[in-house]
Amino acid sequence: MRSHLLRSAARCLRARPAVAPARRHLSCRSPPLEELFARGGPLRTFLERQARSESPLQVGGPELVAVAKLLSEKEQELRETEHLLHDDNEDLRKLAENEITSCQKAIAQLKHQIILLLVPSEETDENDLILEVTAGVGGQEAMLFTSEMFDMYQQYAAFKRWHFETLEYFPSEIGGLRHASASLGGPEAYKHMKFEGGVHRVQRVPKTEKQGRIHTSTMTVAILPQPTEINLVINPKDLRIDTKRASGAGGQHVNTTDSAVRIVHLPTGVVSECQQERSQLKNKEMAMKKLRAKLYSMHLEEETSKRYNARKIQIGSKGRSEKIRTYNFPQNRVTDHRINKSLHDLETFMQGEYLLDELVQSLKDYADYESLVDVISKKL
Amino acid sequence: MELWGGMLRALLSGSGRRGGALGWAFSSWRPHLPQAGLLSATELVNQWTAIFEKRGIPEARESSEYIVAHVLGAKTFQSMSPALRTQPLTPWQLQCIQELSSHRLQRMPVQYILGEWDFQGLSLKMAPPVFIPRPETEELVDWVLEEVTQKPHVVEAQGGPLVLDVGCGSGAISLSLLSRLPQSRVLAVDKGEAAISLTRENAQRLQLQDRIRIVPLDVTLEGSWTHLLPWGPVDLVVSNPPYIFRQDMEQLAPEIQSYEDPAALDGGEKGMDIIIHVLALASRLLKDPGSLFLEVDPRHPELIGNWLQSRPDLSLDLVAVRRDFCGRPRFLHVRRSGPQAGCPVAAWPGPQPARLPG
């Protein structure tokens with residue numbers, strides 16, 4: 001018996017590297033995800049059903065069944081090895097300890113794989129996106145905060161090595177920002193940024209406040225996925241493109257410098273403008289990018305509004321009106337209300353680097369958890 | 001504000017910037033001096049807009065925005081951050097803006113004042129009297145790129161097309177094609193000395209000088225095409241030739257009339273004088289198959305179609321007309337329709353005609 005276990009332990013040790021590597025780095029998963037895997041819990045039942053079923057579910061498919069099988073084998077192995085911790089033989093105990101550690105690692109990886117297989121990836125996860133920031137209530141203070149938020153996202157893009165291109169910029173008199181938009185692109189840009197959409201609230205003593213009172217102001221972030229050529233096809237006949245050269249002979253006859261471009265999508269009335277560049281062609285390209293993103297998110301919202309209705313983490317226009325986060329400067333804290341998570345050191349957070357990334361990661365995990373619950377509750 | 005505007009006007013009226021009573025306001029050698037009002041970029045744009053408007057300068061706001069943005073290191077005022085717009089300008093910046101704006105009061109085109117402009121995503125140096133590229137021509141380049149990349153049969157060149165740009169001006173067409181088609185090579189010709197050296201300078205600034213050959217050439221001269229023989233037949237000819245009808249020349253805005261080289265604009269009585277030379281040149285130098293892309297006046301497509309029909313010896317067909325962003329028929333695609341009679345194809349030097357001698 002003992003020798004059998006040892007052999008199997010040794011086999012496991014050798015087999016360990018063969019476990020498929022996780023597709024993305026293992027992060028500290030939030031507790032709810034761990035709970036789903038509890039013995040006898042809904043996810044277990046779901047996986048067992050999948051294994052018995054003649055035709056496994058579309059999501060995950062046969063790969064899911066295989067990984068689930070591997071998981072239960074590993075867990076079985078872990079339980080058996082745990083007995084060896086009480087063995088008289090010291091060498092064997094040591095071997096068992098090592099074995100347990102590697103089993104636990106493998107189990108964590110397998111669970112992670114199962115999550116990846118079950119959480120449906122969105123059509124748009126890999127797309128580029130348009131970021132829009134707009135000052136909300138709170139006058140100049142809201143505009144100052146909007147400007148800081150826009151800078152934060154620009155720095156976050158640099159931190160994630162995404163490209164960031166400002167599309168429009170409407171500043172206020174004292175250095176704030178009324179409204180701005182930018183085009184962001186890079187690996188999984190939308191997958192990360194989609195959780196930023198919503199109302200962000202700031203609480204602090206504004207620079208403009210003389211009596212030291214704390215004000216509460218808001219700004220809104222919208223995240224629109226940028227469609228690919230295949231995602232969205234626009235009929236050129238549906239567009240009206242306005243430029244300042246519309247009258248007169250054009251061509252060599254005139255030399256104008258106003259390169260602003262305005263595009264109207266006639267069927268929907270959606271308008272997009274750009275005057276960021278000296279080249280009219282470049283302005284047209286940027287206005288077109290924005291128009292496509294607007295039309296695409298309108299299209300997506302129709303499709304997805306039902307699917308997401310019940311969730312805490314909302315994507316798209318539903319989430320836009322929801323207060324998602326508070327930046328409390330007197331307490332040096334940022335709190336995300338959707339997952340009730342607080343981080344301290346606001347200054348570092350606003351630099352748009354690892355702290356913002358940590359919060360985004362937590363939101364992603366929570367969203368994964370929610371869609372996992374969706375998947376298994378539907379099929380039970 | 002009114003006072004400050006008055007000061008600017010006084011300065012501009014030429015009462016001597018150096019010795020004048022108000023000279024201190026712009027003295028860069030005493031930067032610690034308290035400045036009148038500590039003006040921001042936004043305020044300065046507003047002031048100069050008002051001055052330009054008063055003096056009847058077209059695009060008053062755009063002009064002052066471009067000038068102020070340029071002095072502050074930005075391309076457009078719209079792309080400037082809130083901080084940059086609101087912080088007070090230095091005396092040196094004020095002086096720069098004032099100097100550049102005074103040129104605008106003389107109706108100098110903004111592109112010449114800034115000394116640069118953008119075309120197809122490239123920043124090009126601009127210098128009078130070399131023709132300033134117009135936004136329509138960006139569309140001409142787009143069309144060429146579309147044909148070359150999406151319809152390889154238009155260009156059967158191996159390793160990338162050899163393109164001839166007739167009347168290269170600042171080099172806008174040549175350099176944007178080179179930057180978008182990494183395999184391509186360009187032969188750029190112009191009769192203006194200033195254009196030749198500006199194209200050369202822009203090519204060097206953009207690090208594209210290795211794939212371009214810049215040749216001074218007047219295509220209206222008899223037999224001029226023979227000068228291009230050493231570089232072999234070309235896959236594409238692209239040109240924005242002077243196409244303005246002679247009678248329209250007098251109605252051009254002062255910006256164009258007083259600053260741009262009329263030779264780059266004046267196309268003769270029907271605007272066709274240079275165009276027919278470009279067509280003849282294309283007929284001599286284009287490979288079979290090969291294409292010519294032209295920017296023209298909206299009245300030209302018909303005129304050129306008829307003219308080509310009257311000259312079957314050129315073996316050129318007008319195959320497509322495209323409209324510009326304002327809906328005017330502006331661009332022509334002319335295709336070579338067989339070997340041209342009398343074209344000394346056999347006389348091309350060697351089997352490697354595409355190589356550009358260093």
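About the cut-offs
- Residues numbered from 1 in each chain as written.
- Chains lettered and ligands numbered in written order.
- Predicted model: local features only at pLDDT ≥ 70, side-chain atom pairs only at ≥ 80, totals over all residues.
- Heavy atoms only, no water.
- Helix = DSSP H or I, 4+ residues; strand = E, 2+ residues; numbered from the N terminus.
- Buried < 20%, exposed > 50% of the residue type's maximum accessible area, 1.4 Å probe, protein only.
- Contact = heavy atoms within 4.5 Å.
- 1 Å grid on protein atoms, 1.4 Å probe; cavity = no way out; pocket = protein on both sides within 12 Å on 5 of 7 lines; lining within 4 Å.
- Points joined across faces, edges and corners; volume = space filled by probe spheres on them.
- Axes fitted to C-alpha atoms, helices over the stretch in contact; angles between N-to-C directions.
- Parallel < 35°, antiparallel > 145°, perpendicular 65-115°, else oblique.
- Left-handed = near helix turned anticlockwise from the far one by under 90°.
- Nonpolar A, V, L, I, M, F, W, Y, C, P; charged D, E, K, R; others polar.
- Phe/Tyr/Trp six-rings, centres within 6.5 Å; stacked < 30°, edge-to-face > 60°.
- UniProt positions renumbered as here; feature names shortened; annotations may be inferred.
- Core = buried A, V, L, I, M, F, W, Y, C linked by side-chain atoms within 4.5 Å.
- Domains from an automatic or database assignment.

Asks: Any details on the side chain of B:T199? Residues and values, ideally.
Replies: Residue and element names in this part refer to chain B. In this structure, T199 sits in helix 9 (residues 193-205). A relative accessible area of 0% places T199 in the buried class. Not counting chain neighbours up to four residues away, the residues in contact with T199 comprise C168, G169, S170, G171, L175, I212 and I214.

Asks: How would you summarise empty space enclosed by the protein if you had to cite specific residues and measurements?
Replies: Under the defined criterion, the tally for this structure stands at 4 cavities of 30 Å³ or more. For the largest cavity, the calculated volume is near 120 Å³. The wall of the largest cavity is formed by 17 residues, among which A:T256, A:R278, B:W117, B:P133 and B:P135 lie closest to the centre. Only strand 1 (116-119) and helix 7 (135-150) of chain B provide two or more residues apiece to the lining of the largest cavity. Sort the elements by how many residues they give to the lining of the largest cavity and strand 1 of chain B lands first, with 3 residues.

Asks: I'd love a proper account of the packing of helix 4 (residues 61-83) of chain A against helix 5 (residues 90-118) of chain A, names of residues and values included.
Replies: All names here are of chain A. Running from N to C, helix 4 and helix 5 point in directions that differ by 160°, and their axes come no closer than 9 Å. As the angle between them shows, helix 4 and helix 5 are arranged roughly antiparallel. Here the hand of the crossing between helix 4 and helix 5 comes out left-handed. By residue class, the composition of the contact of helix 4 with helix 5 is 15 nonpolar, 3 polar and 7 charged.

Asks: Can you explain the packing of aromatic side chains? Please cite residues and give values.
Replies: All names here are of chain A. In the structure shown here, the tally under the stated rule is 10 aromatic pairs over all chains. A ring pair is formed by F145 and Y327, whose centres lie 5.2 Å apart and whose planes are at 65°; its orientation type is edge-to-face. Here F145, found in helix 6 (residues 139-159), pairs with Y327, found in strand 9 (residues 323-328); they are 182 residues apart in sequence, far enough to count as distant. Of the residues examined, F145 reaches a relative accessible area of 0% and is grouped as buried. Classification of Y327 as buried rests on a relative accessible area of 0%.

Asks: Just give me the short version of the UniProt feature "domain: Release factor glutamine methyltransferase N-terminal" (unreviewed entry) in chain B, but keep the residues and values in it.
Replies: Summarizing the sequence annotation, UniProt attributes the feature "domain: Release factor glutamine methyltransferase N-terminal" (unreviewed entry) to residues 43-115 of chain B in the numbering used throughout. Within the segment residues 43-115 of chain B, helix and strand shares are 67% and 0% respectively, and the terminal C-alpha atoms sit 24 Å apart.

Asks: Quick one: what's the story with the nonpolar core, residue by residue and with numbers?
Replies: By size, the foremost hydrophobic cluster in this structure holds 62 residues, and its most contacted members are A:L131, A:F150, A:L184, A:M193, A:Y327 and A:F349. At 11 residues, the largest contribution of residues to this core is made by helix 11 (residues 354-379) of chain A. When residues of this core are sorted by domain, at least three fall in each of domain 1 (33-118) and domain 2 (129-229 + 313-375) of chain A. When near neighbours in sequence (up to four residues on either side) are disregarded, A:L131 contacts A:F150, A:Y153, A:F164, A:A180, A:S181, A:A182, A:L184, A:M193, A:V221, A:A222 and A:I223. If you look at the next biggest cluster of nonpolar residues, it comprises 60 residues, including B:V68, B:A69, B:A74 and B:L177.

Asks: Describe the UniProt feature "coiled-coil region" (unreviewed entry) in chain A, and please don't skip the residues or the numbers.
Replies: UniProt's entry tags residues 71-113 of chain A with the feature "coiled-coil region" (unreviewed entry), counted in the numbering of this structure. The distance separating the terminal C-alpha atoms of residues 71-113 of chain A is 10 Å; by composition the span is 86% helix and 0% strand.

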